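# Structural features, examined
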There are 2 protein chains.
Amino acid sequence: MRIEELDTPVAVVDLDRLSANIERLQAYLDKHGIDNRPHIKTHRIPAIAHMQMQAGAVGITCQTLSEAEVMCSAGISDIFLPYNLLSQTKLRRLMLLSRRARISVTADSAHTVEGYARAAAQEGTTLPVLIEMDGGYERCGVTTTAEVRALARQIDSAANLHFGGLMVYPCNPEANAFMTDSKMLLAQDGLAAERVSGGSSFVMWQAHEFTEFTEYRAGMYVYGDRNLVDAGAMTLDQCSYFVLATVVSRPTDDRVVLDSGSKSLAADSARKSSGHGLIIEYPEAELFKLSEEHAHVDVSRCTRKPEIGERVTVLANHCCVSNNLFSRLVGHRNGEVELEWPILAKGW
Amino acid sequence: MRIEELDTPVAVVDLDRLSANIERLQAYLDKHGIDNRPHIKTHRIPAIAHMQMQAGAVGITCQTLSEAEVMCSAGISDIFLPYNLLSQTKLRRLMLLSRRARISVTADSAHTVEGYARAAAQEGTTLPVLIEMDGGYERCGVTTTAEVRALARQIDSAANLHFGGLMVYPCNPEANAFMTDSKMLLAQDGLAAERVSGGSSFVMWQAHEFTEFTEYRAGMYVYGDRNLVDAGAMTLDQCSYFVLATVVSRPTDDRVVLDSGSKSLAADSARKSSGHGLIIEYPEAELFKLSEEHAHVDVSRCTRKPEIGERVTVLANHCCVSNNLFSRLVGHRNGEVELEWPILAKGW
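Residues numbered from 1 in each chain as written. Chains lettered and ligands numbered in written order. Predicted model: local features only at pLDDT ≥ 70, side-chain atom pairs only at ≥ 80, totals over all residues.

Before going further, it helps to examine the overall build of chain A. The secondary structure content of chain A amounts to 9 helices and 17 strands. The C-alpha radius of gyration computed for chain A amounts to 22 Å, which stays within 12% of the reference 20 Å derived for 348 residues, consistent with globular compactness. Across the 348 residues in chain A, those meeting the buried criterion constitute 56%. Contacts in chain A between residues far apart in sequence, at least 24 positions, make up 67% of those at least 6 positions apart. (Helix = DSSP H or I, 4+ residues; strand = E, 2+ residues; numbered from the N terminus. Rg over C-alpha atoms; globule rule 2.2 N^0.38 Å. Buried ≥ 20, exposed ≤ 12 C-beta atoms within 10 Å, placed from the backbone. Contact = placed C-beta atoms within 7 Å.)

Written out as structure tokens, the structure reads:
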């Protein structure tokens, strides 16, 4: 069966490109002696996680407990959860997971550390906790070395916690000094940051320039998307994940409508380009608006205009959120369908 | 069990408000003699569709075949699909559906009509086809009365199609004249538009001002969201759908992070307000950025700042796309959990 025979909208992955992307990052990180701990929030598919492990990853990263539970049940035995887990229910689930896999977590507050300490004591286990630091993008993470020191002391003094190191996401060059300074301060307390974990596919080829990183968490590199191409982190012909769509309407000569809307491409803006995705066959076209089941496309700059019924290949702005909208992913080689993967690791 | 005990992020619906919203629009449309054909793309839950039918709806509207298949299997017997359905697979599924429910569809091109004509002839059934007209928003739909006439003639002349009327979405006041002019032109051919179907919750209370409408398709009115409140179509205390979230980080005094990101609230922009949703307990707070599992919130204007671990109630910008990201919806009355609905009608 050819991918041209699949009904649209449908998410497809080029299996050769997928493998090449997995190998390419692994080789780069190996070369620089950085552990690879890929983030599976992009694909959510156990089979792809196993491909990453077989290529040499030391473990995986999951953003939610539900993702981790699915991956653990699929046989992945080393899982990092870089997320402040707070509720009693979540802490209980975390402890159940820790019976079946090597689990590590992060915290950026005393509140979070206290919860981990109580849960681990009750379970009678030792939980490695990394400290999340602000990488310069005003997301989660502590913002001063004093806070790093205080949290590290709190973790180290908890009977059932183990100080596991430092973590940032994403990370600008200035954050390297923050990590270096923090490590020096921690050394005064006799504490070593055995893991310093960085992330983001946008700057993955610069990971070695962050001299403190001992491990790296990239997610999108397996698929690629318009934002990564715009950022120069991947080329268009390295991208493996696309949404196949059909032209369902052509209200005017200069405007066509695809059946891939915000419920398949997601409404996330592009970081540099305008529009909601790139049509491979019509690079001059602009997806100027998404409604839920329609992409509205300006084709005025296209020499040949797409016809009603014609199929096109769309590169999403952000692959993680598009992939999240599908329940299945079709794998192919050169357009020949080889498999269909259920996208299993969903929810919280 | 109280909704305060549910783990976050979680989507909840106030069942009293939901019922009131369903009754309110039904009463308004009844008063004006307009058939109610609610769009289920918002909720995707058969039980809510049955509530709408019991309140007096003549049928429902689905945006995808998969939604229609689920609703049909759940006992809804009159379904309108205002979408150009093109592929052989989709046309075959449409014909199978037409054996089990009263189905009507739309077309805005000769290509689409030809497909319906072939499929209906092969099935030996008669398929009602409405013509989609541009309501003034440059989405799908023909843009001239001449095109309406040509499509109506094509539909009428196909042995197994029935000209079912006109359809617009959304619709500005000028489009009323387009519908009137089209009807007059069709009358010259002896064709009557038995249904003139309008839609959108944004202008639902103005439906009677569109003198041509015989039926109305609103979806979001059951839930409400920030866009509808901003537009004045619903009040905040009529909104029934919320995402419950937890403060998982407070990196600085003026910035907190919630566990509801673009994978639960969706990244759709607000039409008027800034930010990615409204926190009911902290209306001065601004959700200035969403990452996948985090909402980044500026709380500098809040007198009291939310604490780590505190739970908040978020009104999404666009309820349809948020609801689509969940697999379950928890129904409650005054915070007391009464049921949990699986969100079944997904996909294409």
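Right, let's get into the sheet that holds strand β4 (residues 78-81) of chain A. Residue and element names in this part refer to chain A. Reading across from one edge, β2-β9-β8-β7-β6-β5-β4-β3 is the order of the 8 strands in this open sheet, with parallel pairing throughout. Since the sheet does not close on itself, it has two edges, and those belong to β2 (35-36) and β3 (60-61), each with one partner. Taken together, the 2 bridges between β3 and β4 define a ladder with parallel strand orientation. By the bridge assignment for β4, T61 is matched with F80. Strands in contact with helix α6 (residues 145-157) are β5 (102-107), β6 (127-133) and β7 (161-168); relative to β6, the strand with the most contacts, it is inclined by about 175°. (Pairing = 2+ DSSP bridges. Axes fitted to C-alpha atoms, helices over the stretch in contact; angles between N-to-C directions.)

All names here are of chain A. Segmentation of chain A into domains returns domain 1 (32-223) and domain 2 (227-342). Here the C-alpha centre of domain 2 lies 33 Å away from the C-alpha centre of domain 1. Across the boundary between the two partners, domain 1 contributes 14 residues, which contact 11 residues of domain 2. Along the lines of polarity and charge, the residues of the side of domain 1 that touches domain 2 split into 8 nonpolar, 4 polar and 2 charged. (Domains from an automatic or database assignment. Nonpolar A, V, L, I, M, F, W, Y, C, P; charged D, E, K, R; others polar.)

Glancing now at the sheet that holds strand β7 (residues 161-168) of chain B. In sheet architecture, strand pairing relies on hydrogen bonds along the backbone and comes in two forms, parallel and antiparallel. All names here are of chain B. Read across the open sheet, the 8 strands follow the order β2-β9-β8-β7-β6-β5-β4-β3; overall the sheet is parallel. The open sheet has two free edges, formed respectively by β2 (35-36) and β3 (60-61), since each of these has just one partner strand. Alignment of strand β6 (residues 127-133) against β7, held across 7 bridges, turns out to be parallel. Residue pairing for β7: L130 is matched across the bridge by G165.

This paragraph deals with helix α7 (residues 175-188) of chain B. All names here are of chain B. When the terminal C-alpha atoms of α7 are compared, their 20 Å separation across 14 residues agrees well with the 20 Å that a helix rising 1.5 Å per residue should span. Considered for burial, the residues of α7 that qualify are A175, N176, F178, M179, S182 and L186. Burial along α7 is one-sided: seen end-on, the buried residues are contained in an arc of 155°. For α7, the exposed residues set more than 90 degrees away from the buried face come down to A177, M184, A187 and Q188. In this fold, the buried residues of α7 make contact with β6, α6 (145-157), β7 and β8 (195-199). Where α7 ends, the next residue or the one after it, G190, has phi of about 75°, a positive value. (Expected span 1.5 Å × (residues − 1). Arc of directions from axis to C-beta.)

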